[in-house]
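Each chain is listed here by its residues.
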Amino acid sequence: MIKSVLVINTQGKPRLTKFYDILTVEKQQELLRSVFGVLCSRADNVSNFVEAESIFGPDSRLVYKHYATLYFVIVFDSSENELAMLDLIQVFVETLDKCFRNVSELDIVFNYSKLHNILDGIIFGGQVMETSSAEIIRAVEEISKLEAASNSISLVPKTVSGWRSR
């Protein structure tokens, strides 16, 4: 099972945190600090796989990929394949690239709702749901259309005179 998905910039600021276990905010912040400490201390020429038992408890592993100013991190247990998790990061980044046309840290900061929709299309409840970028993008576009349609429906009259006529 996937325990968490994290996107952290190179200064240690979390840009996306999604925990699939119930944790207090203090524990989440502690885990983020620990993960960033491990990531920033690793050389560029070492493996992207880290045993995370000291951070997340027994049977925990961490895989990460460093793109530009962001670390994309997935924490998981032994029921998941390490290479599959690395590929899942690649799918996530490719999908973000297709949605935002060369994704940047600012896209992630200012489009958090769309980012969470994309992530929920890939991983839901700690389980991998979809690995096809095209299917994920199609689902996100459907959600965007539904959101736009629901925003155009007004339950409140536009003018005060509309209230008087009731």
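Residues numbered from 1 in each chain as written. Predicted model: local features only at pLDDT ≥ 70, side-chain atom pairs only at ≥ 80, totals over all residues. Heavy atoms only, no water.

### Considerations on a nonpolar patch on the surface
Here is the rule: Grouping into patches uses exposed residues only, defined as over 30% relative accessible area, and leaves out salt-bridged ones; the cut-off is 9 Å for like charges and 5 Å for nonpolar side chains (Val, Leu, Ile, Met, Phe, Trp, Tyr). Where accessible areas are quoted, they stem from the Shrake-Rupley method and a 1.4 Å probe; at the residue level, only the protein chains shown are allowed to cover. Here a salt bridge means any side-chain nitrogen of Lys or Arg lying within 4 Å of a carboxyl oxygen belonging to Asp or Glu. Counting from the N terminus, the helices are the DSSP runs of H or I reaching at least four residues and the strands are the DSSP runs of E reaching at least two.
A surface patch of nonpolar side chains, amounting to about 320 Å² of accessible area, comprises Leu-106, Val-109 and Phe-110. Relative to the helices and strands, Leu-106 is located in helix H4 (residues 105–110).

### Some remarks on unusual backbone geometry
Basically, it comes down to this: Any residue under 20% of the maximum accessible area for its type is buried, any over 50% is exposed, and the rest in between are partly exposed; the area is computed with a 1.4 Å probe on protein chains only.
A positive phi angle is found at Ala-68, which is not glycine, with a value near 50°. With respect to the helices and strands, Ala-68 occurs in the loop between strand S4 (60–67) and strand S5 (70–77). Classification of Ala-68 by relative accessible area gives exposed; the value is 73%.

### Digging into the pairing of S5
To keep things clear, this is the line we draw: Here, strands pair whenever DSSP counts at least two bridges between them.
Counting buried residues along S5, eight of its eight residues qualify, which places the element largely inside the surrounding structure. Residues of S5 alternate between two faces, with Leu-70, Phe-72, Ile-74 and Phe-76 on one and Tyr-71, Val-73, Val-75 and Asp-77 on the opposite face, all of them buried. Counted between consecutive antiparallel strands, the loop separating S4 from S5 contains two residues, among which Ala-68 sits at a positive phi close to 50°.

### Here we look at the packing of aromatic side chains
To keep it simple, the criterion reads: Geometry of aromatic contacts follows a simple scheme: Phe, Tyr and Trp rings, the Trp one being its six-membered ring, pair when their centres are within 6.5 Å, and the pair is stacked under 30 degrees between planes, edge-to-face over 60, tilted otherwise.
This model, assessed by the stated rule, comprises three aromatic pairs. An angle of 65° between the planes, with centres 6.3 Å apart, marks the rings of Tyr-64 and Tyr-71 as edge-to-face. Of the two residues, Tyr-64 and Tyr-71, both sit in the buried class. Summarising the aromatic geometry, the rings of Tyr-67 and Phe-72 are spaced 5.8 Å apart at their centres and angled 80° between planes, so their arrangement reads as edge-to-face. The exposure class assigned to Phe-72 is buried, which follows from its relative accessible area of 3%. Each residue in the set Tyr-67, Phe-72 and Phe-92 is aromatic and connected to the rest through ring pairs, giving one cluster.

No statement about biological role is implied by the geometric values presented.
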